[in-house]
Amino acid sequence: VMKYMKQKGIKNIVMAVDMVARKVSKLGDISEAFLRRVREEALQDVLFVDWWRYADLKETYDFVIEPDELGLRSFFCPWNGYYIWNLLQHPMRNNQIMAEKNYHAKCGEGIYQYAMWDRSYDRIHDCFADYGWNFVGAGSLEDVTERYVNRHFAPMVRKVKHAYKLMELCTEQRTAIKDEEHPAQSVVNTLNMMDHVLSYYFYCYYRNPDHGAYPRHFPGEGLKTILAQRVAYERAIFSVAAMAKEAAAIFEEAAWTPGCDSAMARRMAYECRNYQVLTEDWLAFLEIYDLTQGGDQKVIAPIARERQNARLSLMTLCEQVKEDWVCKAATMRNHSVFMQIFADIAGYIEATDDPRLDLFDIRPIMSKENWMLR
């Protein structure tokens with residue numbers, strides 16, 4: 001294929017590093033045979049290797065070989081935010097790490113971003129540009145944020161920097177530690193918790209038979225994960241809810257402060273409220289679960305109605321501050337799943353004399369609207 005493309009005049013052919021430079025258990029290191037063929041066919045001048053990782057932690061950059069060892073042109077691919085319909089992430093460290101690799105690599109010819117466009121990632125795009133154009137001059141991640149906040153929120157620099165730090169902590173990528181003997185000392189990977197345990201989106205993936213029938217059990221699967229390590233998860237959920245609420249209040253103040261970028265402030269306030277509502281929804285699920293383990297389940301209905309309304313308010317805010325096409329990606333579907341689950345729970349409790357709610361499997365009480373959304 002590459003020979004044909006070169007014959008047609010293509011000057012740059014991109015191949016992702018995991019296609020050429022990973023060890024495969026039965027084949028050994030496949031890169032050596034591949035590189036030999038590339039040289040035999042004189043394709044070194046057109047082949048670009050794309051070195052990518054989504055991680056923010058250097059120790060997880062498990063390249064089998066280093067870029068210069070391939071002897072091929074290379075560029076490096078940080079990601080600037082992909083799941084725009086889910087939760088805003090802050091891959092500042094990822095951008096810095098990949099730009100640093102490009103800077104030190106003899107074969108490095110630049111960086112480009114793996115992303116889906118959402119203006120909410122504006123600060124990350126600036127980080128990417130700063131390190132791509134002038135890695136040494138860009139300074140630290142704190143320097144990058146300082147410049148960005150000064151441009152957009154000059155009258156509230158100290159407060160807004162604090163708000164961005166809180167947002168980073170809400171989706172922080174960190175090493176998880178599970179301590180079976182001392183559960184209170186366990187540490188949860190916050191990013192994994194927010195994205196893969198609490199959010200609905202990744203439950204759309206059907207990766208193995210263990211997931212059961214499709215649609216998968218939601219919130220049942222997430223609830224089982226949390227209850228297996230409840231002390232650590234509950235601490236992390238409460239922490240994110242509090243940090244998100246504080247950060248949202250700062251951005252809401254910035255939206256009304258002369259000299260601040262009002263549109264960006266309102267957008268960031270939504271992103272913070274998105275973290276807050278998600279975590280508060282799960283605190284409600286835990287409260288509802290505890291009530292299903294004994295006592296009068298009738299008290300569940302007002303809790304569910306409150307969460308239904310909180311999610312509807314968040315959806316309204318989303319439509320006010322984000323572009324229509326962003327809302328119509330999967331954003332509103334993901335919000336609607338939570339809203340409808342709480343509506344179905346409330347409806348079931350209110351209409352049943354002696355309710356027996358099972359949060360691990362809510363299919364018996366799901367409305368047709370819920371099935372449609374799923």
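Preceding this section is the structure that the text describes.
Since this is a predicted model, take the numbers as computed values, not measurements. (Residues numbered from 1 in each chain as written. Predicted model: local features only at pLDDT ≥ 70, side-chain atom pairs only at ≥ 80, totals over all residues. Heavy atoms only, no water.)

A. Seen up close, the overall build of the protein chain. From N to C terminus, the protein chain includes 16 helices and 8 strands. Its C-alpha atoms put the protein chain at 80 × 55 × 45 Å along the principal axes. In the protein chain, buried positions account for 53% of the 374 residues. Sequence-distant contacts, at least 24 apart, represent 72% of the contacts inside the protein chain between residues at least 6 apart. Put simply, the protein chain shows about 17900 Å² of open surface, and 53% of that area lies on carbon and sulfur atoms. Once the 46 positive and 52 negative side-chain charges of the protein chain are each reduced to a mean point, those two points are 4 Å apart. (Helix = DSSP H or I, 4+ residues; strand = E, 2+ residues; numbered from the N terminus. Buried < 20%, exposed > 50% of the residue type's maximum accessible area, 1.4 Å probe, protein only. Contact = heavy atoms within 4.5 Å. Areas by Shrake-Rupley, 256 points an atom, 1.4 Å probe, with all protein chains shown as cover. Lys, Arg positive; Asp, Glu negative; His and termini not counted. Charge placed at Lys NZ, Arg CZ, Asp CG, Glu CD.)

B. Geometry of the sheet that holds strand β5 (residues 73-77). Within the open sheet, the 4 strands sit side by side as β1-β4-β5-β7. Their pairing is parallel. What marks the edges here is a single partner per strand, and that holds for β1 (13-16) and β7 (108-111). The mean angle between the axes of side-by-side strands here comes to 30°, regardless of whether they run parallel or antiparallel. In this sheet, β5 lies alongside strand β4 (residues 47-52) in parallel orientation, the contact comprising 5 bridges. The partner of Trp51 across the bridge, within β5, is Phe76. (Pairing = 2+ DSSP bridges. Axes fitted to C-alpha atoms, helices over the stretch in contact; angles between N-to-C directions.)

C. Helix α3 (residues 31-40), seen in detail. Buried within α3 are the following residues: Ser31, Leu35 and Val38. Buried positions in α3, seen along its axis, are confined to an arc of 55° and lie on one side of it. Those residues of α3 that are exposed and angled more than 90 degrees off the buried face are Glu32 and Glu40. (Arc of directions from axis to C-beta.)

D. Representation of the packing of aromatic side chains within the structure. Here the structure, examined in full by the defined rule, presents 31 aromatic pairs. Taken together, Trp52, Tyr54, Trp79, Tyr82, Tyr83, Trp85, Tyr114, Tyr201, Phe202 and Tyr205 form an aromatic cluster joined through their ring pairs. If you follow Arg73 out to its NZ or CZ, it ends over the ring of Phe48, 4.1 Å from the centre. (Phe/Tyr/Trp six-rings, centres within 6.5 Å; stacked < 30°, edge-to-face > 60°. Lys NZ or Arg CZ within 6 Å of the ring centre and 35° of its normal.)

E. Representation of the nonpolar core in the model. Counting residues in hydrophobic clusters, the biggest one holds 107 residues, and the most contacted among them are Phe153, Tyr164, Phe251 and Ile345. Here the element with the most residues in this core is helix α13 (residues 262-292); it accounts for 14 residues. Apart from residues no more than four positions distant in its own chain, Phe153 is found in contact with Tyr148, Val160, Tyr164, Phe251, Ala254, Cys260, Asp261, Met264 and Ala265. The next biggest cluster of nonpolar side chains, apart from the first, holds 9 residues, and it includes Tyr270, Val277, Cys327 and Met339. (Core = buried A, V, L, I, M, F, W, Y, C linked by side-chain atoms within 4.5 Å.)

F. Structural view of the environment of Asp261. For Asp261, the position within the fold is in the loop between α12 (230-255) and α13. Taking the C-alpha atoms as reference points, Asp261 and His335, separated by 74 residues in sequence, lie 27 Å from one another. Ignoring any residue separated from it by four or fewer positions in sequence, one finds Asp261 in contact with His152 and Phe153. Polar side-chain contacts of Asp261 include one of 3.1 Å to the backbone nitrogen of Met264. (Polar contact = N/O pair within 3.5 Å; in protein donor to acceptor, adjacent residues only side chain to side chain.)

G. Molecular detail of unusual backbone geometry. Residue Pro219 follows Phe218 across a cis peptide bond; omega there is 10°. By the secondary structure assignment, Pro219 is in the loop between α10 (190-198) and α11 (220-227). Of note in this structure, Ala42 is not a glycine but carries a positive phi near 55°. Tracing the backbone shows Ala42 in the loop between α3 and β4.

H. Highlighting the side chain of Asn274. With respect to the element layout, Asn274 can be found in helix α13. You can call Asn274 buried: its relative accessible area is 3%. Residues in contact with Asn274, not counting those within four places in the same chain, are Asn86, Leu87, Arg311, Leu314 and His335.

I. The arrangement of the state of the cysteines in detail. Applying the stated rule across the entire model yields 0 disulfides. For the unlinked cysteine Cys272, the closest cysteine sulfur is that of Cys170, found at 6.9 Å. On the basis of relative accessibility, which here comes to 0%, the residue Cys272 falls in the buried class. The cysteine Cys318 is free of any disulfide, with Cys327 supplying the nearest cysteine sulfur at 3.8 Å. (Disulfide = S-S within 2.5 Å.)

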